[in-house]
Every structure is written in C-alpha cells, then in structure tokens.
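Listed here are the chains, written in short residue letters.
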Amino acid sequence: MLDQRFDPAEAEARLYKAWEAAGCFRPSGDTSAQAYSIVIPPPNVTGVLHMGHALNNTLQDVLIRFERMRGKNVLWQPGTDHAGIATQMVVERQLANEGQNLDRRTMGREAFLKRVWAWKDESGGAITGQLKRLGASCDWSVERFTMDEGLSRAVTKVFVDLYKKGLIYRDKRLVNWDPHFQTAISDLEVETREVAGHYWHLKYPLADGITYNHPVKDEDGNITLEARDYIVVATSRPETMLGDTGVAVHPEDARYAGLVGKHVVLPMTGRRIPVIADEYANPEKGSGAVKITPAHDFNDFEVGKRAGHTPLNILTAVAAIESGADADAAGIPAELRGLDRFAARGKVVEAFEALGLLARVEDLKIEQPFGDRSGVVIEPWMTDQWYVDAGTLAKPARAAVEDGRTRFVPENWTKTYYNWMDNIQPWCVSRQLWWGHRIPAWYGPVMTTAPDGNGGHQVEVDHFHDGPGNIFVAASEAEALAAAQAFYRRPVAVSASRDEARKAMLSGDCEDGIRLYQEEDVLDTWFSSALWPFSTQGWPDNTEALKTFYPTSTLVTAFDIIFFWVARMMMMGLEFTGEAPFKDIYIHALVLDEKGQKMSKSKGNAMDPLELIDEFGADALRFTMAAMAAQGRNVRLSKQRVEGYRNFATKLWNAARFAELNACGAPGRYDPATAQYPVNQWILSELSACTADVTRGIEEYKFNEAAGALYKFVWNTVCDWYVELIKPLLTGADEAAKAETRAVCGFVLDEAMKLLHPFMPFVTEELWERRAPGRTGRDGFLMLQTWPAPAPFSHTEATAEIEWLIGVITEIRSLRNDLGVPAGAKVPMTLVNPSAQDCERLERHGDVLRRMARLEETGTAEALPEGSVSTLVGSAVVALQIAALIDRAEARKRLDKEIGTLEKDIASTQKKLGNADFVARAPEEIVEENRERVKDWTLRREKLSLARTALANLA
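Residue numbering note: each chain is counted from 1, following its sequence as written. Only residues with pLDDT of 70 or above have their local features reported here, since the model is predicted, and side-chain atom pairs are shown and tallied only from 80 upward, although totals for entire chains, interfaces and linings are computed over all residues. Side-chain figures throughout are based on the complete set of non-hydrogen atoms in the structure, without hydrogens or water.

1. Regarding the layout of surface pockets
We apply this condition: Of the grid points, spaced at 1 Å and generated over the protein atoms alone, those admitting a 1.4 Å probe that cannot get out make up cavities, while open sets with protein on both sides within 12 Å along at least five of seven lines make up pockets; any residue with an atom within 4 Å of a point is treated as lining. Grid points are joined across faces, edges and corners, and a volume is the space filled by probe spheres set on the points. Helix and strand definitions here come from DSSP, where helices need a minimum of 4 consecutive H or I residues and strands a minimum of 2 consecutive E residues; each element is numbered from the N-terminal end. Each residue gets one of three labels, nonpolar for Ala, Val, Leu, Ile, Met, Phe, Trp, Tyr, Cys and Pro, charged for Asp, Glu, Lys and Arg, and polar for the others, Gly among them.
A volume near 1,500 Å³ is recorded for the second largest pocket. Lining the second largest pocket are 47 residues, and of these Tyr 199, Ala 234, Thr 235, Lys 285 and Val 290 sit closest to its centre. Mapped by element, the contributors of at least two residues to the lining of the second largest pocket are β7 (190–205), β8 (212–217), β10 (230–235), β14 (289–292), α8 (298–307), α10 (341–354), β15 (358–371) and β16 (379–388). Per element, the largest residue contribution to the lining of the second largest pocket is seven residues, and it comes from β15. Its residues assigned to classes, the lining of the second largest pocket shows 18 nonpolar, 14 polar and 15 charged.

Right under this line is the structure:
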C-alpha cells in the first residue's frame, strides 16, 4: 500500500544508491545502438552547487535520461576542474589561518603542491556529491580530474605539438594582472564594478614654445579662441601618466590639426612625447585629446603599436611604482619610486596642482575592474607570457559552425560566436601560480657566436635569456635534456630554479656543463578544459571510448563561457582530432530571482539549491528549472515556484494512490488499440498527443514546452478530469467497462511516469516500483524502460465527445463563479434546442455532469427556461436557472468593477508596450511577460463581458 505521501528525504538517497549500484548510469555497451554523449562542464574542485549548476545539470540529465530510455548507448562524462587560482587561494588561506608563518614560498614548490593534493583528496570535489543529490545520472565510474595522469599527459602533448607548429610562443603583451595573487587572470575572472571615482583633467605643456588657439564655449554658448601652450587630457588613473608615450587626437579634429607631429613635455618626468593622430581619440569626449600609456591600457597598447611607440612599464608585480631600469627609462622621480600605486596617485595629483597643471577634477561613477577572488583592483600590465595563436586556430572552428557541422541552440548565439572568433586576440595561457599544469619548457643560457673549439659555441652565463634559441619545449625533462645537449654539445643538467642554474654556472662547479631550469608558470585552467571532450576519453591514445563517444552529441552550457570554453574546445578539438567536439551547443540563460535581479549574497536574494532540495525535494527543483527554461529567456526563480512543483509531485502520488485503491493495473502491458469506451479512448489519445509534445520538446531543446505538456497532461487531463470522469465506471455494474478502465488507468499512469522520469526521476522511480513490486533489478528500473511512442491511431469521435463534456462542465463552473451562485447550491441545467448528438451525449454522461457541475437535474427544452442565464459550448446552448439564487444588482456591480479594473490594466500595459524605448531597453522576458498579461486579461475581460450580457438577458 502506498504511503500517504512521498518522502523525498528518505527516498532520494536510497534510490540513487540503488541506481548507481546496479550500474544504471553506465553506457549500455550495445555497439549496434546509436551513441549519445555529453561532457559535463567541469565544475571547480573548490565549488559548491549553485543555482546555475542546478539549471545546467538538470537540463543535461533530462537529455541523458531521455536518450537512455530511447535505447541509445549513453555516456554522461563527469569530472572536475583543478581551478588553479581558486584552489591555491583556499590552501594559502588555510596556511595563513594556522598561524605558523607558513606560505607557499617559505614551504617551497614541492611541499606546497603536496599540501594542495592532500586538500584535494580530503576536501575537494564536494560538488560531485551535491550533483548526486540533484539526481545527476553521470557515469561516475569514469570520473576525471583535469590534473589526473591521463589528462596531464594530453595537456603536455598539446602544448608541445602547438609549440612545434609555431602556434604557441612567448611574447610581451598586456594582460589582466592581479597584484594580490601576482598572476595574469582571464577576462572571466575580472569583475567590473561601478564605483565612485574621479577624472583628473591634466595640462601637458607643449614643447619648444609652441602655442595654438583653442575654441572655448562660455555659459551663453558663445565661442572664443584662447591661446594655449598646453593640451588637456583626462584620466581616472593619474599615476599612469608616468608611462605615457604620446597624446592622441582624432585625424579630423580641426582643433589640434596643427599640433600633430609636435611634442609635449610630460610633467614630472621631463620626457618629450609626440602628439599623434589616431581615430581612437573621440572628439566629442572631454577635450578630444587622450594620453597614451601602452603598457597600462589595452586600447592604448593598440594605439601605441600603430604609432610605433615603445611601451614603458611603470608598475611592479605588486602594483608599486617601478624603481629600477624601467623607472630610469620613464624618468620617474625618485620620491615616487617604490610607492604603492594609490599612494603614488595622490603624489602625482599634488605635483600637478603645485605646478598649476591640474585643470579640474570631475567626480563621477567609473567602471573599475576587480579580481573576482582577490577583490583588488586589476591592472593592465605588460609581462612576458605564453600565448596561443588563437587567430589561426579560430578559422576552422568558425567554419565548422558555418557549414553546419556544429549548431548553436538558440541560433542567435551563432552571431556572438562569429563576433568573438572574428575579433579574437592571442590567448594568454600562462599563469604565475604553482597549482596547475607546469609549462613543459626549460630555459638555457644564451649562446654567443664565438666557436668554443669543440664544434659548439661559447655560452654566456652571466644571464639567462628567455628568447628563442634557448627554450626547450618537450614532453619530459629527459627529452628537454636531450634537446639541450644536442644544442649546446656539452653536458646538461637541470637546476631547481633560474637562480640556482645561474649560480651553478658562474661558480665553475659545472665542469663545463650547462644548467637548465624549468618554467615556473603553470597553464591557464581553460587550456586543459579546452581538451575536455577528447582528453576525458583517453586521447592521445585511440581508445574505444574515444572512438565511441567522440565527437560528443550535445554541450549544455551558459552563454558567458562561449568564448572562454566553447570556442576553445572547438579550436582544440578540430586541431587535434580533425572533428568538431559537439553536434549541438545548447546555450541556457541565467537564473535570476523572482524580480529579475541577479542573485548575490550581498543583496540577500541568493537561493541555495541544496536548501530547496531539503525542503521540497530534488524533483520539485528539477521540474521548476525545466519548466522555466524557455529558449532565450532568463529563469526568474521563486521559492513559491518550487513549492508549486512539489505539489505537482504530490498530485501524481495521489493519482497513483487512487489507482491502487481502485485496483488499476500495473505494470502497463495493456494494448491501447483495444479500448472501447469513449473516456478511455479519449485519455489514450491525450496520452499520445502528450508523448509527441514531450518528445518533440526535448529533441528541440524546448524544455519548458516539454515540461508544460507534462504538467497539463498529468495535473489537468489525468488528475482533474480523467480520474473524476472514470469514477462512475469504476463503481458501476458494467464489469467490462470496469475492467477496461482499470487497465487503461494503470497503463496511462505508467506511461506518464516514463515521460516524467527525465524531469522527476525520484518520485517516478519510487512509484514504478511501489505500484508493482518486483520491477527492480537493472532492467526493471524505470530509468531503463523504453521511451513511449505516440499511438498509431486516433479516437477523434471519443475526443470530441469528452471535450464537449469538459467544455460544458467548465462553462457551467465559470458562469456560476462569475455570477456569484453559492458553491453548495445545485442548479437545474437545460440544453436549449439541442442536436441529436448533444442529446445522446447528455444521456451517456448525465451522472458525471450532474456530479461535477453541481446540478440538480439536467434536461432539454426548445426555449430558454424562465429565470435562466445561458452560455454557448460549441453549438450547444446551456441554460442555468439561477434567478432565485443570486442578487442580480450585486452580481452586476461586481462584474462591472472587475471589468473596469481589467480595462484599466490592459490600457496601461498596452501603453507601456507601445513605448519603443521600453521594448528596446527592457529584458526580453519582461516584455514577453507584459504581452502575456495583456492576452490573459483580455480573455478574462471577454469572459466577464459574456457573463454580464447573460445577466442582463436573464429570463
């Protein structure tokens, strides 16, 4: 006997354990079946389940369970990312909290990495257990980690091969630099915030006594010419002026046409820098003149490159003002050297003010970049880094989407992908961290040209040079040593660091040998995750898994990593396997709060998926996510939504209890083609239509439409109507009708549970077993049953008849409610001048009609009975004799008030939708929500107007 209710807290862990123990998540191994595979976007090993994960993994699991039930050989590949900077931060914070004055540098690289691995083994990867709580049916037996032995071998091979092809190289370029962690970071790790700031307007004196006439507008708009011997520039970072290499003006800006090619004297440094013409300068913004600091601004870097300027780096790795050779080259005053950037800012502003060169200070909001983990202001900084030639790799990756080998869903993301690929920059793949894949490059001392008498060349040991010719990129230290020995033609060994290598060679202890040292930097985590679709399957070995499950079928991910991950997987997959890594890329939207705001702890609107699972069960959260995952529309989540779908699971459970109490059959082995009774023929037709809708919805990644079809069928069609309509048959004397209805009811419930299973796996699996004990074992689990197919027949006559019955009941209920008929009152109903078919239907379903519409009696007449109101159902005129049961004046007043409110709401919302600015600026989901409101209100107004007319015509 089924319990009164489903208990998710008890059932979910038990069911998941049973699935996993039976190997239900593993591929079937049927080589004759079509393969279907998805690689999970690997969450950070430091991560915890958040609402984005809940949405992303729910949609993946819907697809996986669906295709598994369709008989495909299915793999959902799980794993986690080593998350370089995040993991290193966790362990360094632990060290700091232990109070032993230990940090990674005092520990040394080897000891620190041992500590990180220990943390990973003990505490990392908690998110995998949380994904299990969500019901994710990944094949955990093949779980991978981006730094496990196999994936590390793949990373090394890719790096070495790209280097040999000239597609990886070292270069000095601008990067996003985190002064706290002292490493380059990716754009995705930069959080731009609007903060209160300033624009300092600075005067740069013109060199050589040059002056010009600058137009000045007074308060009345009159323009006069003012003789000036300076140019005004504006900046939110005054300290960067120490590294200026020029002032740019627009080529067509007549104000400065005569100054192009002339110079200004950069205050505080005394350097002469040129005035250049470049379209980057905006004549409409500020003074129209822009200071150019190529080493500290991404736009300025490109301007400086076009102008042939040498960048001047004026900051150190900790964002202090340089004090060495770079400071000398820039002419930085002694009193500024070594100061923190913000302290230097104050000194620079004071100096300009003292020199009379501070034109004004403008207070305003500015966009400032912060490290998402360090919380400090990020600096564009010029350093030597390793780069991938992304421009070359992007061409075949773009072509794969152009020719249809890979498609984006929704299609509009294709344009975003093309835009990124067409404007792609070199990809910085080095990070100044210890946790990660250490770059497989070894450095040796620079060669001199003088022969050494032994067939080689002299080696300059005074310093190590990082340029081409003494970088040895190899798959192992042994290979690097062999390459270096062939290059230098003398004994070669590896030292632990650059300093130790240099010290050993200068000391003379090398016996005329050479010392190498390995690159200290590690690779960006996006580099290893770019290989994820094929490295997880055993590449570079040609494994069976690789041959079976690569290319993968579908990638489910968020739009914000189309460039950082999707594009890079496309590039690497095509370069190293010759095939695009996915057929379909489904891009889902964001999960926002119910007001459409981004969730954050600081706002207090963040929702924890694990707390929602604890309160409502995983099925409720999963169904919520799927039901709201409309293409191109953000998910606006509320706790009430999740609670509502918990009630949906309860509704299903109660329907199963009803079936059990009435001995309705299970498991479903009924032949639906044999049904004879209209109500059973109708529900089987509805089941067939629902099956088609759900199948099509999942196939087309319209998860909300699939979930909506299921909700409507289970809640409305089965629970609200079918269960009520069959009660007379189940309690009647017609044994044939009773037997058929029991079989059909059991069959429909079983098929509905199959359709629901990808969305609500726990409650459906529990009901599958509990409704027919013994359906367990690997092949007996619901998740391994065959996906339903639409019926090859249709019962159009039966469907029309039952829809007529439902329409009559619905209209009567609506009319009673709108006119204020007491809920407990039984009302006489008459079909006025009915057709023969309507009379037959009334005869067959009179008992149901009277019970469900609370009617005293039903009959037919040629004219409208006295004291009745009427409504139309199809061609049938339905009359209710209610005159004695209602207060006409009160009913009229209530209807008029509600109609008036609706008209007011419709008018104001239509006015808003008619505002082109609102439609253009508001999020698409808000605009669509307003349109839906107008549609719903209009239908309600029309219905109330009909009731008002009926009231006015009351016979």
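Next comes the rest of the write-up.
2. Some remarks on the pattern of salt bridges
Short version of the rule: We count a salt bridge whenever a side-chain nitrogen from Lys or Arg sits within 4 Å of a carboxyl oxygen from Asp or Glu. Relative accessibility under 20% of the residue-type maximum defines a buried residue, over 50% an exposed one, and the middle range a partly exposed one, all with a 1.4 Å probe and only protein chains included.
The tally for this structure, following the rule as stated, stands at 63 salt bridges. In this structure, Glu 751 engages Lys 754 in a salt bridge whose closest nitrogen and oxygen atoms are separated by 3.0 Å. Here Glu 751 and its partner Lys 754 are both found in helix α24 (residues 735–756), three residues apart, which amounts to about one turn of the helix. Its relative accessible area of 10% is what places Glu 751 among the buried residues. For Lys 754, a relative accessible area of 11% corresponds to the buried category. The network of salt bridges with common partners includes Asp 3, Glu 10, Arg 14, Glu 766 and Arg 770.

3. So, the environment of Arg 105
Short version of the rule: Every residue pair with non-hydrogen atoms within 4.5 Å of one another is taken to be in contact.
Mapped onto the elements, Arg 105 comes out in helix α4 (residues 104–107). By relative accessible area, which is 53% here, Arg 105 ends up exposed. Once you skip the residues sitting within four places of it in the chain, Arg 105 turns out to touch Gln 182 and Trp 434.

4. Remarks on the nonpolar core
Stated precisely, the cut-off is as follows: Side-chain atoms within 4.5 Å are what join buried Ala, Val, Leu, Ile, Met, Phe, Trp, Tyr and Cys residues into a set we call a nonpolar core.
Residues Phe 623, Phe 759 and Met 829 are the most contacted members of the largest nonpolar core, which totals 140 residues. Of all hydrophobic cores here, the second largest spans 61 residues; its members include Val 155, Ile 561, Phe 564 and Ala 567.

5. Side note on empty space enclosed by the protein
This structure, assessed with the given rule, holds two cavities of 30 Å³ or more. Lining the largest cavity are 14 residues, with Ile 85, Glu 189, Arg 431, Leu 433 and Thr 525 positioned closest to its centre. Broken down by secondary-structure element, the contributors of at least two residues to the lining of the largest cavity are α3 (84–97), β6 (183–185) and β26 (522–523). Top contributing element to the lining of the largest cavity by residue count: β6, with three residues. Grouping the amino acids of the lining of the largest cavity by side-chain chemistry returns seven nonpolar, four polar and three charged. Its volume calculated, the second largest cavity comes out at about 30 Å³. Along the walls of the second largest cavity sit Ile 85, Asp 178, Ile 185, Glu 189, Gly 371, Asp 372, Arg 373 and Ser 374, which together make up its complete lining. Class assignment of the residues belonging to the lining of the second largest cavity gives a composition of two nonpolar, two polar and four charged.

6. Considering the packing of helix α1 (residues 8–21) against helix α25 (residues 761–771)
Under the convention used in this document: Interaxial angle, 0 to 180 degrees, is taken between N-to-C directions of lines fitted to C-alpha atoms, where a helix line uses only the stretch in contact. Angle categories: roughly parallel below 35 degrees, roughly antiparallel above 145, roughly perpendicular from 65 to 115, and oblique for all the rest.
Packing of α1 against α25 brings their axes to within 10 Å, and their N-to-C directions diverge by 75 degrees. By the angle between their axes, α1 is roughly perpendicular relative to α25. Along the contact surface, α1 presents Ala 11, Glu 12, Arg 14, Leu 15, Tyr 16 and Trp 19, while α25 presents Pro 761, Phe 762, Glu 765 and Glu 766. Considered class by class, the residues forming the contact of α1 with α25 number six nonpolar, no polar and four charged.

Purely spatial values, then, with no claim about function.
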